[in-house]
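Residue strings, one per chain:
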Amino acid sequence: MKKKSIAIISISLDEDKGDWLKAIQKDKLNWSQLSELKGGFNSELVQKLKITGIPYTLLVDENLKIISTNFQDILSIVKN
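Rules of the game
The numbering scheme is per chain: residues are counted from 1 as the chain's sequence reads. Predicted model: local features are reported for residues with pLDDT of at least 70 only, side-chain atom pairs are reported and counted for 80 or more only, and whole-chain, interface and lining totals are derived from all residues. Side-chain measures were taken over the full set of non-hydrogen atoms in the model, leaving aside hydrogen atoms and water. Residue exposure (1.4 Å probe, protein chains only): buried if accessible area is under 20% of the type maximum, exposed if over 50%, otherwise partly exposed. Here a strand is any run of E in DSSP of at least two residues, a helix any run of H or I of at least four, and the numbering for each starts at the N terminus. DSSP calls a pair of strands paired once it identifies at least 2 bridges connecting them. The handedness rule is simple: strands pointing away from the viewer, and a clockwise path from the first strand over the helix to the second, make the crossover right-handed. Identification of polar contacts relies on pairs of N or O atoms within 3.5 Å, with a donor-acceptor requirement for protein atoms, meaning one able to donate a hydrogen and the other able to accept it, and with residues adjacent in sequence counted only if both atoms are side-chain atoms. A contact between two residues is defined here by any heavy atoms of the two lying within 4.5 Å.

(A) Region of the structure containing the pairing of strand E1 (residues 9-12). Covered by surrounding structure in E1 are Ser10 and Ser12 only, the residues Ile9 and Ile11 on the alternate face being uncovered. Examined bridge by bridge, E1 and strand E2 (residues 32-35) share 4 bridges and lie parallel to one another. Considered in E2, the bridge of Ser10 is made with Gln33. A crossover links E1 with its parallel partner E2, the connecting element being helix H1 (residues 17-26), and its sense is right-handed.

As structure tokens, this is what we get:
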């Protein structure tokens, strides 16, 4: 990741705040964590992005335009 500015953000589909916070601690997730704590797989975000499973990975640019949702493509982009 030579000279690339990358931020990792996790968006949880948990609906229980306690479960969500325990998972962050248990898995030692030391990057930005977000959650609406409602809707799970029926949430508006999941529907918009057509998420069918987790984890779900996407790469967005600084203007929040989705560049790719294919994990292998993302790895290739990040490595180059």
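(B) How the structure looks around the side chain of Ser68. Here Ser68 is to be found in strand E4 (residues 66-68). A distance of 3.1 Å separates a polar atom in the side chain of Ser68 from the backbone nitrogen of Asn70. The residues contacting Ser68, other than those within four sequence positions of it, are Thr57, Leu58, Leu59, Asp73 and Ile74.

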